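Secondary and tertiary structure notes
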2 protein chains.
Amino acid sequence: MINFEALFRISYGLYIVSSGTKEYGNGFISNTVFQVTSEPPRFAACCNKENHTAGVIRSSGSFSVSVLQRETTPGIFATFGYKSGKDINKMEGMEIRYGETGVPIVLNDAIACLECRVVEIFDVGTHLMFIGELMNAEILDEKAEPLTYLYYRHVKKGVAPKNAPTYIDKAKLETRVEARMYDKYECAACGYIYDEEQEGVKFEDLPDDWVCPICGTEKVDFIKL
Amino acid sequence: MINFEALFRISYGLYIVSSGTKEYGNGFISNTVFQVTSEPPRFAACCNKENHTAGVIRSSGSFSVSVLQRETTPGIFATFGYKSGKDINKMEGMEIRYGETGVPIVLNDAIACLECRVVEIFDVGTHLMFIGELMNAEILDEKAEPLTYLYYRHVKKGVAPKNAPTYIDKAKLETRVEARMYDKYECAACGYIYDEEQEGVKFEDLPDDWVCPICGTEKVDFIKL
C-alpha cells in the first residue's frame, strides 16, 4: 500500500536548473538536484522529457544550478515553475551571469550556484537524469538559508507542477469527509489552492487587491473547486 | 573555481537504506534518496561501490528507506553511518519489520518508510545509483519532523563519512588563520570534531562522562588535532 503523504517526508531543496547559451537560454524549477559522487564531484539533475530545458541541456552539454533562498520572490516560481520556454523567453528581465561553458546562471534569489558539464544521461522513465561534473561552485549570499520543499509546501502552500518528479495527483491523497461550509479556490496560473478552512478567512472576504502568494495572479483568476 | 562550502547549500534528508532478507540484512546512512519520476513513482538511492550494502541490494533486488527523525539517537549514526556490515551485524538489536519483498525495514527513529524494487542500476563513478519502483510507503510518526543534512551539520555538528557522495576532504575547505588558543578534538569512532572555539568550552573542562554527541564514544577516545 502506498500512502502518498509519506513521500513528503523526503527532503529536497528548490533550484533553478538552467541551460543554453548567451543567445538562447532556458530554465526550470527543480527539487531533484543532488551530489552523486565526491571524487570527482558530480551532480544529478532530473528533468521531465516534456520540459523544454531537457532538449536545451542535451544540445548544449551543460547546466547550471541556482540554489534558491527561503524567501524567494513568487514571480520566480511563476516564470520558471509554471511557464514553458516554448511560449516565453524566461531569461528576459532576469539577472543573468554566463559560466565558463557559456551556460546562463540565474542570480535572482540565488544564494549559491553551480556549473556542471554533462557526462552521462540516464533514462529513468518520464524523466531524464543528467549527470554533470562540477566545474564551478560559488556562494552568492553567505547568510540566507536555502529554500526547502517542506518550507515551500507548508509555509508557502506551494504545490509541485505536473512535470515534477514529486507531482502527486490530488485524488491519490487521502481525502477527508468535510462539511461544505468551507470552499477551496485554485489559482488558474499555478495551481495553488486557497483553502478557506486552513486559512480561516472566506475567499470572498479577501481584499480585491489580494494576489496568489505563489505566482502573483489576481484574485479574479481563481476558480472555485 | 569550486568553493566546496557552496555544496552545503544543496538540501538533503537523512535515511537508513537497508537491504537483504530475514536471514541476513544490512543498511547504511544515506543522504541521497529522492524521487525521480511520479508515474510510476520511482526513487533513486546512491550507494558507494565499496559499501557492503551495494552488494546486498544487487543480490536481493530491493531496498527499503527509513526516513530519520530530527532527534535521531546518536547510536543510529554510529552503527549505520560509521561501521561496516563486513564487521558487525547492524540489524542486531534493532527494531525491524520485513517488507513484501522480504527486505528489512529499520523502524528505530523512523517517521516514514518506503519499500522499492530495483528496476535499474546506473554506474555514476565511485557510486552506484539504484532506481527502485515504489511498492509500499507508510507514515510511522505523523508529528515528528524529518532530519535534514543541514540540521545534522549545524546543530548536531555531524560530518559525512568517507563513503558518502557529499564527503569533503577538510583540506579542501577554506581555512582561516586562527590563534592557537583553541584546539580541536576528533572522535576516533565517527570523526566528529569538537571545536573549542565554536563551543566556547575547553575540551578538558568537559565533564568526564561527556560523550560524543554523534556516536556516544567516550571522552578519552578523542584525539587532539
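Not measured: the values here are computed from a predicted model.

All names here are of chain A. Considering every residue of chain A, the mean pLDDT works out to 89; 96% of them sit at 70 or more. Across residues 175-180 the pLDDT falls below 50, and counting only partners more than four positions away or on other chains, this stretch makes three contacts in the model. For this predicted complex, the interface confidence score (ipTM) comes to 0.77, while the overall pTM stands at 0.79.

Residue and element names in this part refer to chain A. The strand order β2-β1-β5-β8-β9-β4-β3 describes an open sheet built from seven strands, whose pairing is antiparallel. Looking at which strands have only one partner, the edges of the open sheet turn out to be β2 (25-30) and β3 (33-38). Recorded for the sheet is a direction-independent mean angle of 35° between the axes of neighbouring strands. Bridge analysis of strand β1 (residues 15-20) against strand β5 (residues 62-68) gives four bridges, and the strand direction is antiparallel. Bridging from a neighbouring strand, valine 17 pairs with valine 65 of β5.

With that settled, the discussion passes to the packing of aromatic side chains. Residues and elements named next belong to chain A. If you walk through the whole model with that rule in mind, you get 22 aromatic pairs over all chains. Judged by centre distance (6.4 Å) and plane angle (80°), the rings of tyrosine 192 and phenylalanine 222 are edge-to-face. Taken together, the positions of tyrosine 192 in the loop between β10 (184-187) and β11 (193-195) and phenylalanine 222 in strand β12 (residues 222-224) put the pair 30 residues apart, joining distant regions of the chain. Across the pair, phenylalanine 222 and tyrosine 192 agree in class, each one buried. Three or more aromatic residues joined by ring pairs form one cluster here, namely Tyr185, Tyr192, Tyr194, Phe203, Trp210 and Phe222. One cation-aromatic arrangement involves arginine 153 over phenylalanine 8; the distance from NZ or CZ to the ring centre is 3.5 Å.

Right, let's talk about the relation of the copies chain B and chain A for a bit. Its rotation angle being 180°, the transformation that places chain B on chain A also includes 0.0 Å of axial translation and leaves an RMSD of 0.1 Å. The relationship between the two copies is best expressed as a two-fold rotation axis. The rotation axis passes nearest to the C-alpha of tyrosine 12 of chain B in chain B, at a distance of 2.8 Å. Taken together, the interface assignments show that 100% of the residues at the interface of chain B recur at the interface of chain A, consistent with an identical surface on both copies.

With that settled, the discussion passes to the nonpolar core. Core analysis: the largest hydrophobic core is formed by 134 residues, its most contacted members being Met129 of chain A together with Met129 of chain B. With sequence-adjacent residues up to four places away left out, methionine 129 of chain A is seen in contact with Ala44, Ala45, Cys46, Glu120, Ile121, Phe122 and Val124 of chain A together with Phe34, Val36, Ala44, Met129 and Ile131 of chain B.

What follows covers the interface of chain B and chain A. Residue-level contacts link 57 residues of chain B with 57 residues of chain A. Of the roughly 4400 Å² buried between chain B and chain A on both sides combined, carbon and sulfur atoms contribute 61%. A per-residue breakdown of the area chain B buries against chain A is headed by Arg9, Ile10 and Gln35 of chain B, which together make up 15% of the total. Here arginine 9 of chain A makes a salt bridge to glutamate 142 of chain B, at a shortest N to O gap of 3.8 Å.

Residue and element names in this part refer to chain A. Relative to the elements of secondary structure, leucine 107 occurs in the loop between β7 (104-106) and β8 (110-123). In this structure, the C-alpha to C-alpha distance between leucine 107 and histidine 154, residues 47 residues apart in sequence, is 25 Å. Look past the residues within four positions of leucine 107 in its chain and what remains in contact with it is Glu95, Ile96, Arg97 and Leu140.

The subject of this paragraph is the pairing of strand β4 (residues 41-48) of chain B. All names here are of chain B. Along β4, eight of the eight residues are buried, which leaves the element largely enclosed by surrounding structure. Alternating residues of β4 divide into Pro41, Phe43, Ala45 and Cys47 and Arg42, Ala44, Cys46 and Asn48, and every residue in both groups is buried. Taken together, the five bridges between strand β3 (residues 33-38) and β4 define a ladder with antiparallel strand orientation. Bridging from a neighbouring strand, valine 33 pairs with alanine 45 of β4. Taking the residues that link successive antiparallel strands as the turn, the β3-β4 hairpin has two residues. When β4 meets strand β9 (residues 127-139), the two strands line up antiparallel, connected through seven bridges. By the bridge assignment for β9, phenylalanine 43 is matched with glycine 132.

Parameters at a glance
- Residues numbered from 1 in each chain as written.
- Chains lettered and ligands numbered in written order.
- Predicted model: local features only at pLDDT ≥ 70, side-chain atom pairs only at ≥ 80, totals over all residues.
- Heavy atoms only, no water.
- pLDDT = per-residue confidence, 0-100.
- Contact = heavy atoms within 4.5 Å.
- Pairing = 2+ DSSP bridges.
- Helix = DSSP H or I, 4+ residues; strand = E, 2+ residues; numbered from the N terminus.
- Axes fitted to C-alpha atoms, helices over the stretch in contact; angles between N-to-C directions.
- Phe/Tyr/Trp six-rings, centres within 6.5 Å; stacked < 30°, edge-to-face > 60°.
- Buried < 20%, exposed > 50% of the residue type's maximum accessible area, 1.4 Å probe, protein only.
- Lys NZ or Arg CZ within 6 Å of the ring centre and 35° of its normal.
- Least-squares fit on C-alpha atoms with pLDDT ≥ 70 in both.
- Core = buried A, V, L, I, M, F, W, Y, C linked by side-chain atoms within 4.5 Å.
- Buried area = accessible area lost by both parts, 1.4 Å probe.
- Salt bridge = Lys/Arg side-chain N within 4 Å of Asp/Glu carboxyl O.

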